[in-house]
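The primary structure of each chain is shown beneath.
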Amino acid sequence: MDTACVIDLHAHTRASDGSDTPAQLLAQAAAVGISVLAVTDHDTVEAVAESQELGRSLGVEVLPGCEISATCANMVVHVLAYGPGLLEPATARTLVQYRDERMHRNEQLGARLHALTGVGLPDALAIAGPSRLSRAHFARALVSAGVVASIPEAFEHWLGPHAPAYVASPAMSIEATVRLVHATGGVLVLAHPGRIEAAARDRIVATAVAAGVDGLEVWHSEHAPEEQARWARHAKQGGLLATGGSDYHGLHKPGVHLGTGRDGNVAVPPPALAALRACLAALAP
Ligand code: AMP
Ligand code: MN
Ligand code: MN
Ligand code: MN
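Parameters at a glance
Residues numbered from 1 in each chain as written. Chains lettered and ligands numbered in written order. Predicted model: local features only at pLDDT ≥ 70, side-chain atom pairs only at ≥ 80, totals over all residues. Heavy atoms only, no water. Helix = DSSP H or I, 4+ residues; strand = E, 2+ residues; numbered from the N terminus. Buried < 20%, exposed > 50% of the residue type's maximum accessible area, 1.4 Å probe, protein only. Contact = heavy atoms within 4.5 Å. Areas by Shrake-Rupley, 256 points an atom, 1.4 Å probe, with all protein chains shown as cover. Phe/Tyr/Trp six-rings, centres within 6.5 Å; stacked < 30°, edge-to-face > 60°. Lys NZ or Arg CZ within 6 Å of the ring centre and 35° of its normal. Axes fitted to C-alpha atoms, helices over the stretch in contact; angles between N-to-C directions. Parallel < 35°, antiparallel > 145°, perpendicular 65-115°, else oblique. Left-handed = near helix turned anticlockwise from the far one by under 90°. Nonpolar A, V, L, I, M, F, W, Y, C, P; charged D, E, K, R; others polar. Donors = N, O, S within 2.8 Å, 3.2 Å for Na, K, Ca; no water. Pairing = 2+ DSSP bridges. Core = buried A, V, L, I, M, F, W, Y, C linked by side-chain atoms within 4.5 Å. Near = heavy atom within 4 Å. Polar contact = N/O pair within 3.5 Å; in protein donor to acceptor, adjacent residues only side chain to side chain.

Colleague: Before we go on, may I ask you to explain the overall build of the chain in this structure?
Modeller: Secondary structure assignment for the chain yields 10 helices and 10 strands. Taken along the three principal axes of its C-alpha coordinates, the chain extends 50 × 40 × 40 Å. Counting every position in the chain, which comprises 285 residues, the buried fraction comes to 52%. Considering only contacts within the chain whose residues lie at least 6 apart along the sequence, 71% involve residues at least 24 apart. Accessible area of the chain: about 12100 Å², with a carbon and sulfur share of 57%.

Given below as structure tokens:
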């Protein structure tokens, strides 16, 4: 692909659980030849304005985005919201309200985990540093302390939904998320459907689409090529948008590269961006 049109519609900064500042992210974007980058931190748009400003001087167009956690058929899924309306103060406040409630949940989870393993909130916070705390940091703390040998083991034994330290995270319903985002003139895409537990996947995707989600994230660093082809067909057949991005988290997801994903497995085709733009233009208030 022409390096002049590398597109990445899914990337994180330190405003959520990435390791890069907006300046580091945009420098990296420019270095790898990205022309359009969506900044999609979890539950906040606080890095978007600064990223847009930096992007202007580097020749990188930054699209406002946000990765929202939503409940869908009794599971928590990630949905990517796109559109300038997300930056409206009332919308931005609603998003961070959930993020702040999630910190309270992390304190509860930390207390449970500490009672069970001796590893608690301070250990996870030390690993998270300036990043937004998530179970990923608790998992790394468990590995560091030698409680488990690996991250998957940390989730299996302690942190996963059926494990003893688990505390569910507060989240909006998918229906409420669709209402919130559509009211701002934004577009909503189900993130990385391939990462949804296999047994529930088809049901979750159908529920999200029925709730009004506009598209599916097809090209993603955790989707194998054949999965990408399958999700692209699914989107096309359903008349849905197909989007994609690396899901870059900097040092917190080693091996996932901005613009190109894991071992070059992400290449967002320009017509997918054109379709997203057309959908945003049609929904604009
Ligand atoms: P939280 O938002 O605090 O519930 O944490 C969610 C984060 O934990 C995700 O973004 C992943 O980084 C990580 N995570 C969740 N489940 C797993 C798993 N089974 N294996 C590895 N990482 C996981
Ligand atoms: Mn993340
Ligand atoms: Mn996600
Ligand atoms: Mn993400």
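Colleague: Where do I start with the packing of aromatic side chains in this structure?
Modeller: Each aromatic ring pair is described using two quantities: the centre-to-centre distance and the angle formed by the ring planes. Tallied over the full model, the rule gives zero aromatic pairs. Sitting over the ring of Trp231, Arg230 keeps its end group 5.3 Å from the ring centre.

Colleague: I tried to follow the packing of helix H3 (residues 89-117) against helix H5 (residues 135-144) on my own but got confused; where do I start?
Modeller: The axes of two packed helices give the description: the angle between them and the distance between them. Where H3 contacts H5, the axes come no closer than 11 Å and their chain directions differ by 20°. Comparing their axes, H5 and H3 come out roughly parallel. You can see that H3 and H5 cross each other, and the crossing is right-handed. Contact with H3, carried on its side by Arg105, Asn106, Leu109, Gly110, Leu113 and Thr117, involves Arg135, Phe138 and Leu142 of H5 and no other residues of that element. Taken together, the residues of the contact of H3 with H5 sort by class into four nonpolar, three polar and two charged.

Colleague: Please clarify how the coordination of the manganese ion (ligand 4) should be interpreted in this entry.
Modeller: Each angle at a metal carrying four tetrahedral donors should ideally be 109.5 degrees, and each at a metal carrying six octahedral donors should ideally be 90 or 180 degrees. Within the protein, the atoms that donate to the manganese ion (ligand 4) are His10 (NE2), His12 (NE2), Glu67 (OE) and Asp247 (OD), at distances of 2.1 to 2.2 Å. When the donor residues of the manganese ion (ligand 4) are listed from N- to C-terminus, their spacing reads H-x1-H-x54-E-x179-D. Between the two metals, the manganese ion (ligand 4) and the manganese ion (ligand 2), the spacing is 4.4 Å. One end of the pair, His10, is in strand E1 (residues 6-11); the other, Glu67, is in strand E3 (residues 61-72), and 57 residues separate them in sequence. Here Glu67 falls in the buried class, since its relative accessible area comes to 1%.

Colleague: What should I look at first to understand the pairing of strand E4 (residues 75-82) in this one?
Modeller: With eight bridges connecting them, E3 and E4 associate as antiparallel partners. Looking at E4, one finds that Ala70 is bridged to Val77. Linking two consecutive strands that pair antiparallel, namely E3 and E4, is a turn of two residues; a positive phi of about 50° is found at Ala73 within it. Relative to strand E6 (residues 187-190), E4 runs antiparallel, the two sharing four bridges. Note that in E6 the partner of Tyr82 across the bridge is Val187.

Colleague: Please clarify how the coordination of the manganese ion (ligand 3) should be interpreted in this entry.
Modeller: Looking at the manganese ion (ligand 3), one finds its protein donor set to be Glu67 (OE), His78 (ND1) and His192 (NE2), positioned 2.1 to 2.2 Å from the metal centre. The sequence pattern formed by the donor residues of the manganese ion (ligand 3) is E-x10-H-x113-H. Between the manganese ion (ligand 3) and the manganese ion (ligand 2) the interatomic distance amounts to 5.4 Å. Highlighted residues: Glu67 in strand E3 and His78 in strand E4, separated in sequence by 11 residues.

Colleague: Explanation requested: the nonpolar core in the structure shown.
Modeller: With 65 residues, the main nonpolar core has Leu9, Leu37, Ile174 and Leu190 as its most contacted residues. Counting residues per element, this core draws most heavily on E3, which supplies six residues. With sequence-adjacent residues up to four places away left out, Leu9 is seen in contact with Val36, Ala38, Thr40, Leu63, Tyr82, Thr243, Gly244, Gly245, Leu273 and Leu276. Counting residues in each nonpolar core, the second largest holds 17 residues, with Leu109, Val119, Leu121 and Ala141 among its members.

Colleague: Before we go on, may I ask you to explain the site of ligand 1 in this structure?
Modeller: With respect to spatial proximity, the complete set of residues near ligand 1 consists of Arg105, Ser134, Arg135, Ala136, Ile151, Phe155 and Arg195. Within the side chain of Arg105, a nitrogen or oxygen atom sits 2.7 Å from an oxygen atom of ligand 1. Taking Arg135, its side chain carries an N or O atom lying 2.7 Å from an oxygen atom of ligand 1. The protein chains hide 67% of the 500 Å² of surface that ligand 1 would expose on its own. Listed by contribution, the elements that provide at least two residues to the shell around ligand 1 are H5 and helix H6 (151-159).

Colleague: Is there a simple way to explain the side chain of His137 in this structure?
Modeller: Its place among the elements puts His137 in helix H5. With a relative accessible area of 2%, His137 lands in the buried category. Residues in contact with His137, not counting those within four places in the same chain, are Asp17, Ala124, Ile127, Ala128, Ser131 and Arg132.

Keep in mind these values describe shape, not function.
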